[in-house]
Amino acid sequence: MNRKLDEIFLLYRTLLNYIILYPKLITLNSIYQLPFLLFGKKYTPKPLTINFLITHRCNLKCKMCSFFGRKTYETEERDMEFEDVKKILIGIKKINPIISFGGGEPFLREDFVDILKFAKHECNLKVTVITNGTLLTDKVIKTIDKLDLIDYFIISLHGLFNLHDEIVGLKGAFDRVVSNIRRFSKKLKSKVIISSVLMRENIFFFDDFIRFFLNEGIRKIKIEHLNFLTKEESNFYQKENIFMPFTFIRKDLFEKEFIEKAWHTLINLKRKYRSKLIIKPPLSREQFYEWYGKKIGNSNEFYRLRCVFVRHSLFIDPQGEVIPCQFLRNCKIGNTKNNDLLKLWNSAVYKNIRKIISKSNFPVCFRCCK
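Analysis parameters
- Residues numbered from 1 in each chain as written.
- Predicted model: local features only at pLDDT ≥ 70, side-chain atom pairs only at ≥ 80, totals over all residues.
- Heavy atoms only, no water.
- Pairing = 2+ DSSP bridges.
- Helix = DSSP H or I, 4+ residues; strand = E, 2+ residues; numbered from the N terminus.
- Right-handed = clockwise from strand over helix to strand, strands pointing away.
- Phe/Tyr/Trp six-rings, centres within 6.5 Å; stacked < 30°, edge-to-face > 60°.
- Lys NZ or Arg CZ within 6 Å of the ring centre and 35° of its normal.
- Buried < 20%, exposed > 50% of the residue type's maximum accessible area, 1.4 Å probe, protein only.
- Core = buried A, V, L, I, M, F, W, Y, C linked by side-chain atoms within 4.5 Å.
- Contact = heavy atoms within 4.5 Å.
- Arc of directions from axis to C-beta.
- 1 Å grid on protein atoms, 1.4 Å probe; cavity = no way out; pocket = protein on both sides within 12 Å on 5 of 7 lines; lining within 4 Å.
- Points joined across faces, edges and corners; volume = space filled by probe spheres on them.
- Nonpolar A, V, L, I, M, F, W, Y, C, P; charged D, E, K, R; others polar.
- Axes fitted to C-alpha atoms, helices over the stretch in contact; angles between N-to-C directions.
- Parallel < 35°, antiparallel > 145°, perpendicular 65-115°, else oblique.
- Salt bridge = Lys/Arg side-chain N within 4 Å of Asp/Glu carboxyl O.
- Polar contact = N/O pair within 3.5 Å; in protein donor to acceptor, adjacent residues only side chain to side chain.

**Q** Whenever I open this one, the pairing of strand 3 (residues 126-131) confuses me. Can you help?
**A** One ladder, built from 4 bridges, connects strand 2 (residues 98-102) with strand 3; its direction is parallel. The residue bridging Ile-99 from the neighbouring strand is Val-127, located in strand 3. Each parallel crossover has a hand, and for strand 2 linked through helix 4 (residues 112-122) to strand 3 it is right-handed. Where strand 3 and strand 4 (residues 152-156) come together, 4 bridges link them in parallel fashion. Paired with Val-129 across the bridge in strand 4 is Phe-153. In terms of handedness, the path from strand 3 via helix 5 (residues 138-147) over to strand 4 forms a crossover that is right-handed.

**Q** Could you clarify how one ought to interpret the packing of aromatic side chains in this entry?
**A** Pairs of aromatic rings are described using the distance from one ring centre to the other and the angle between the two planes. As enumerated under the stated definition, the model contains 31 aromatic pairs in all. An aromatic cluster of three or more residues is present, and its members are Phe-204, Phe-228, Phe-254, Phe-258, Trp-263, Phe-288, Tyr-289, Trp-291, Tyr-292 and Phe-366. A cation over an aromatic ring shows up here: Arg-329 above the ring of Phe-246, its NZ or CZ 4.5 Å from the ring centre. Cation over ring: Arg-367 sits above Phe-228, and NZ or CZ is 4.0 Å from the ring centre.

**Q** Could you clarify how one ought to interpret the pairing of strand 6 (residues 220-224) in this entry?
**A** The side chains of a regular strand alternate between the sheet's two faces. Counting buried positions along strand 6 gives 5 out of 5 residues, so the element sits mostly inside the fold. Residues Lys-220, Lys-222 and Glu-224 point to one face of strand 6 and Ile-221 and Ile-223 to the other, with burial holding for every one of them. Looking at chain direction, strand 5 (residues 192-197) and strand 6 are connected through 5 bridges and run parallel. Each residue of the ladder has a partner; that of Ser-196, found in strand 6, is Ile-223. Regarding topology, helix 9 (residues 206-215) serves as the crossover connection from strand 5 to the parallel strand 6, and that connection is right-handed.

**Q** What am I meant to see in the nonpolar core here?
**A** Generally speaking, soluble globular proteins have nonpolar side chains that are buried together. Ranked by internal contacts, the top residues of the largest apolar core, which has 107 residues, are Phe-52, Leu-89, Phe-101, Phe-153, Ile-194, Phe-213 and Phe-288. Element by element, the count of residues in this core is highest for helix 11 (residues 256-273), at 7 residues. In this structure Ile-194 touches Ile-155, Leu-157, Ile-181, Phe-209, Phe-213, Ile-218, Lys-220, Ile-221 and Lys-222, once residues within four positions along its chain are discounted. One finds Leu-21, Tyr-22, Ile-98 and Ile-193 within the second-largest nonpolar core, a separate group that totals 8 residues.

**Q** I tried to follow helix 5 on my own but got confused; where do I start?
**A** One turn of an α-helix holds 3.6 residues; hence residues three or four places apart share an orientation. Among the residues making up helix 5, those that are buried are Val-140, Ile-141 and Ile-144. What you see down the axis of helix 5 is that its buried residues fit within an arc of 100°, all on one side. Facing away from the buried side of helix 5 by over 90 degrees, the exposed positions are Lys-139, Lys-142 and Lys-146. Contact partners of the buried residues in helix 5: helix 4, strand 4, helix 7 (173-182) and helix 8 (186-189). Among the residues trailing helix 5, Asp-148 stands out with phi positive, at a value near 55°.

**Q** Mind showing me how you'd approach the sheet that holds strand 6 here?
**A** Within a sheet, neighbouring strands are paired by backbone hydrogen bonds and run either parallel or antiparallel to one another. The mixed open sheet is built from 10 strands, whose spatial order is 9-6-5-4-3-2-1-10-11-12. Looking along the sheet, the strands with just one partner apiece sit at the ends: strand 9 (277-280) and strand 12 (334-335).

**Q** Help me out: how do you make sense of the layout of surface pockets in this one?
**A** Over the atoms, a rolling probe the size of a water molecule traces out where space has been left empty. Approximately 260 Å³ is the volume attributed to the second largest pocket. Lining the second largest pocket are 15 residues; nearest its centre among them are Asn-17, Lys-270, Ile-279, Pro-282 and Leu-283. Those elements giving two or more residues to the lining of the second largest pocket turn out to be helix 1 (3-21) and helix 11. Per-class residue counts for the lining of the second largest pocket are 10 nonpolar, 3 polar and 2 charged.

**Q** It is not clear to me how the packing of helix 4 against helix 5 should be interpreted in this structure. Could you clarify?
**A** Between two packed helices, the angle of one axis relative to the other and the distance separating the axes together describe the packing. Where helix 4 contacts helix 5, the two axes come as close as 11 Å, and the packing angle between them is 5°. The angle between the axes of helix 4 and helix 5 places the two elements in the roughly parallel class. Within the contact between the two elements, helix 4 uses Val-113, Leu-116, Lys-117 and His-121 and helix 5 uses Val-140, Thr-143, Ile-144 and Leu-147. When the residues that make up the contact of helix 4 with helix 5 are grouped by side-chain class, the tally is 5 nonpolar, 2 polar and 1 charged.

**Q** Whenever I open this one, the pattern of salt bridges confuses me. Can you help?
**A** Where charged atoms of side chains with opposite charge meet at close range, the side chains can pair. One pass over the full model with this rule turns up 20 salt bridges. In this structure, the salt-bridge partner of Asp-79 is Arg-57, at a minimum N-O distance of 2.8 Å. Taken together, the residues Asp-79 in the loop between strand 1 (49-53) and helix 3 (82-95) and Arg-57 in the loop between strand 1 and helix 3 connect sequence positions 22 residues apart. Relative accessible area serves as the criterion here: at 17%, Asp-79 is assigned to the buried category. We classify Arg-57 as partly exposed; its relative accessible area is 34%. Residue Glu-224 pairs with Lys-222 through a salt bridge whose shortest N-O separation is 2.8 Å. In this pair, the class of Glu-224 matches that of Lys-222, namely buried. One salt-bridge network, held together by shared partners, links Asp-207, Asp-208, Arg-211 and Lys-272.

**Q** What should I look at first to understand the environment of Arg-200 in this one?
**A** Topologically, Arg-200 is positioned in the loop between strand 5 and helix 9. A relative accessible area of 35% places Arg-200 in the partly exposed class. Measuring from C-alpha to C-alpha, the distance between Arg-200 and Leu-135 comes to 27 Å, with 65 residues separating the pair along the chain. Sequence-distant contacts of Arg-200, that is, excluding residues within four places in its chain, are made with Arg-250, Phe-254, Glu-255 and Phe-258. Looking at Arg-200, its side chain comes within polar contact range of the side chain of Glu-255, at 2.9 Å.

Quick look at the structure:
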């Protein structure tokens, strides 16, 4: 298939998956801006989604984490004060995007529920939360439920029982999360999406995993492809600074036998569970094989699809810096505490960054989970 057509089909499949996963997030604002993506425009007039990494701190050490994988999960950077967060949210309100809170683990912030209240009720934003689910107390659950503070709760789980505990580095983590989910009301549980990452450790256990959570009343399961670099690919960035990636490092690519079994496993799961299971991104067979095992051309050439994410969404880090991607943490566009967010989005600096990301052959962008 022509590579350009490949990109177009992936974009449409990705949009369809987004609608299936998050129907409540579809707004007039997003519908209005879709033509800018679908008909070749450079980027949307305003960001559709803002991913606010509210803290870098986390209570887990997941094997495939972009922080833990680089041994950078411990940080001396302090989280922003609540007043600074409020100022940023007021600026975001003018743009009216979807806001997704993540981290780190957002519930490590003692004021996170207050942040949710401000985002949802003072700024009237559509809100999603990405969490490992281990720190949810009865009080937090009841407050979120009673005040309707979220539109979608994305809870990260990567296997059943001890398998999950081994992957995240915390004994008893699985039982704790499941216990918390069981305390959700029916209304709140309907907003939960279980999110997992495909790894060697869990790929062949996903059938039991999916059935377990469907039986718990969860309606949607999301499996994301692993973002990683091999040691050889990592060498591509030796002289880099701004575009130095932060992601999981493997010794090398996956072997052919594993890739073939993994592909057929995912295909069978998708046929069995249909719309209850979303695989992100929705790769074709060729894309899947190249993602995990086959490199095209010489050692510095990587076949990848062009990044679409930087054309419609952005990240804000825990210090208020706008970054294009959670895997490009050093690539800072400007700080939202003292800059207008929309001006940063349309700035010459960001336009140049989009151009570089689009045209450069960065290995980390090849395996983009967005």
